[in-house]
Amino acid sequence: MAPSYGHSSNGVNIANYRLLTQKKENQQFGYRTPYEWREETKGHLGMGVAENNLSSTLRQTSSILQTVAAEQVVADMSSVEEALKAKLKHTEQLKVALQHHLGEVQNEIELCVVLRTTLEERLNKVQAKLDLNNQRLGVRNARPGREKTMDDVEKTLLNQQGLMNTFIEKVKRAVGHVDREVSQLEAVKAKLQADLADKVEAIQVDTAVLNIPMDGGLGEAANLKKKHDCLLKTPHTWVRNTEDNVNAARHWVADSARLRKAVRHAIHNSRMAEHDLARSLNSAMLTKLNATANLKDDLEKQLARIRDEQARAEAQRTSLAHALEAKRGPLQQAKDRLMTRSARPCREFVQDDVEAALAKEIAHLNAVTSQLSNKVSNVDKELAQLDLAAAMIEDNIRDKSAALSLDEQVVLMDGRINIPNAPPSSVASYQSNLSTARTATLRRIQDLENALLTARREREMLESNVAHLKATMGANTNGVLPVLSQTAGNMNHLSSPTGPLSPSTRRLFTP
């Protein structure tokens, strides 16, 4: 154990001992006894030994203190350097984390800006399609009253209008959500940037502190000054603040990613819905055009038949009028004869054969004349009905022509070159994400449906022509029917070199 400074090896307090010896030295010297003289010398010897021991102890404790102090300084400096290095490493890790999440936030902000631009472009496209839809509805509203029907085209246009209005509202809400998301990300970005700037500055300060030399100069730290007064934080609070910023960045980045995914999903669904609805609208418009054109053709054919029937009825009326006029002469002759015979004498005024023949002739001529007059009257009434029907059909044809022209204008409003071709840039021409095989299959199905529709229309036209031909042959062969019947009867007994005539051949000679 190291000796205690201020005490002798026997535990005597050196300061007290000095006071006692100094008091004895200050006394007046006189004659003393030999004992006192010897004791004084012994005391001086003891004091010298004590002082010598005291100086030795002082030197020993000073050496020990110097060694301990040097070791403590080295240990403290090593501890400070280790703490600074650990703090720099931890701060550098937080800095890297802040830089990483700051990059993610910045990337997410850029993606949100791109998404907002995409939404605005999509909104402009849908607005243009909505304007086209409104224009088509406006043009179709100008159709004649007879042609204003709630057909498939009108229903599809109204459904398309409702779908586009709904999508525009969704896009506007999505733009608002994206703007709010960007503002939140900007706020998180500002916090991360401020925290990152503080971390960079803290690293610079701690690096400068670590590089301060031992000669007492500040070196690079000479320019660093305390900028503001602030309270010291605990390491837990310091780390928690940065972790809170990082967690907020993660939260808003994940929330923004979910929002972008939901918006892209909504855009994809709306595109698919618009695509399907546009294809339905295109098919409905072409079907409506074909139906209107077919009805117009049928009306024109019926009008031609009515005009032909009118001509035939006019010819028949002329024939009846001529026949009636031809009967007036014989009737007047018979009446004059009967009146002239009444001038016979009373003796000769008998109901003879001549009188009966004249009366019968007059009765027959009156009956024929009445029948012919009735026929002429009926023909006149039928001509009036034919004129009314022709006028109605002509009015219907005019409406059909106007509606057909307006429907063609509606179809061509999307920029297509001709009616059968799809528009160059529209929802209907949007390429979906369907596989190539499925797209080819759908196209083949559409082609087969179109071919089936064309064949059905051709069959209807042939049936209409056959019916018209039968009606025409029935009207023109009233006098020829017996001859044709006889001819057909005779043809039944004929035979070809290979055998009897087939039923289809016999039908050519059968009315």
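Computed from a prediction, not measured in an experiment: that's the story for all the values here. (Residues numbered from 1 in each chain as written. Predicted model: local features only at pLDDT ≥ 70, side-chain atom pairs only at ≥ 80, totals over all residues. Heavy atoms only, no water.)

*Asks:* How would you summarise the overall build of the protein chain if you had to cite specific residues and measurements?
*Replies:* Along its length, the protein chain carries 8 helices and 2 strands. Taken from N to C terminus, the helices and strands of the protein chain fall in the order α-α-α-α-α-α-α-β-β-α. Expressed as a percentage of the 511 residues in the protein chain, the buried residues total 25%. Considering only residue pairs separated by 6 or more positions, the protein chain has 82% of its internal contacts joining residues 24 or more positions apart. For the protein chain, the accessible surface area stands at approximately 33,900 Å², while carbon and sulfur atoms represent 57% of it. (Helix = DSSP H or I, 4+ residues; strand = E, 2+ residues; numbered from the N terminus. Buried < 20%, exposed > 50% of the residue type's maximum accessible area, 1.4 Å probe, protein only. Contact = heavy atoms within 4.5 Å. Areas by Shrake-Rupley, 256 points an atom, 1.4 Å probe, with all protein chains shown as cover.)

*Asks:* Requested: an account of the confidence of the model for the protein chain, with residues and values cited.
*Replies:* The predicted model of the protein chain has a mean per-residue pLDDT of 79, with 80% of residues at 70 or higher. Long-range and interchain partners of residues 477-511, a stretch whose pLDDT sits below 50, account for 13 contacts in this model, where long-range means more than four residues apart. (pLDDT = per-residue confidence, 0-100.)

*Asks:* How would you sum up the packing of helix α4 (residues 235-341) against helix α5 (residues 353-412)? Please name residues and give values.
*Replies:* Running from N to C, α4 and α5 cross one another at 165 degrees; their axes reach a closest spacing of 6 Å. Taken as axis vectors, α4 and α5 run roughly antiparallel relative to one another. Along this stretch, α4 crosses α5, giving a crossing that reads as left-handed. Among the residues forming the contact of α4 with α5, the class breakdown is 33 nonpolar, 8 polar and 20 charged. (Axes fitted to C-alpha atoms, helices over the stretch in contact; angles between N-to-C directions. Parallel < 35°, antiparallel > 145°, perpendicular 65-115°, else oblique. Left-handed = near helix turned anticlockwise from the far one by under 90°. Nonpolar A, V, L, I, M, F, W, Y, C, P; charged D, E, K, R; others polar.)

*Asks:* Mind laying out a negative patch on the surface, listing which residues take part and the relevant values?
*Replies:* A contiguous patch of negative charge, built from D297, D298, E300 and E460, is present on the exposed surface. Per element, the largest residue contribution to the negative patch is 3 residues, and it comes from α4. Here D297 lies in helix α4. Taking relative accessible area as the criterion, D297 reaches 32% and is therefore assigned partly exposed. (Patch = residues over 30% accessible without salt bridge, like charges linked within 9 Å, V, L, I, M, F, W, Y side chains within 5 Å. Salt bridge = Lys/Arg side-chain N within 4 Å of Asp/Glu carboxyl O. Lys, Arg positive; Asp, Glu negative; His and termini not counted. Charge placed at Lys NZ, Arg CZ, Asp CG, Glu CD.)

*Asks:* How would you sum up the packing of aromatic side chains? Please name residues and give values.
*Replies:* This model, assessed by the stated rule, comprises 0 aromatic pairs. Over the face of the ring belonging to W238 we find K87, whose NZ or CZ atom lies 4.4 Å from the ring centre. (Phe/Tyr/Trp six-rings, centres within 6.5 Å; stacked < 30°, edge-to-face > 60°. Lys NZ or Arg CZ within 6 Å of the ring centre and 35° of its normal.)

*Asks:* Help me get a handle on the nonpolar core, residues and values and all.
*Replies:* Ranked by size, the top nonpolar core spans 28 residues in total, and within it V105, L119, V171, V178, L185, L192 and V263 carry the most contacts. A total of 12 residues in this core trace back to one element, the largest contributor, which is helix α3 (residues 152-210). Apart from the residues lying within four places of it in its own chain, the contact partners of V178 are C112, L115, R116, L119 and L259. Counting 14 residues, the second-largest nonpolar core is a separate cluster that includes I306, A313, A390 and I397. (Core = buried A, V, L, I, M, F, W, Y, C linked by side-chain atoms within 4.5 Å.)

*Asks:* Please give an account of the pattern of salt bridges that cites residues and values.
*Replies:* A side chain of one charge can pair with a side chain of the opposite charge if their charged atoms are brought near each other. For the coordinates displayed, the defined rule picks out 24 salt bridges. Note that E274 and R122 form a salt bridge whose closest N and O atoms lie 2.8 Å from each other. Taken together, the residues span a long stretch of sequence, with E274 in helix α4 and R122 in helix α2 (residues 34-141) at a distance of 152 residues. The exposure class assigned to E274 is buried, which follows from its relative accessible area of 2%. R122 sits in the buried class, given a relative accessible area of 6%. Of the charged contacts in the structure, one is a salt bridge between R279 and D276, with a shortest N-O distance of 2.8 Å. Here R279 pairs with D276, and both are found in helix α4, just 3 residues apart, close to one helical turn. For D276, a relative accessible area of 34% puts it in the partly exposed group. Members of the salt-bridge network, linked through shared partners, are R140, R143, D151, E154, K288 and D407.

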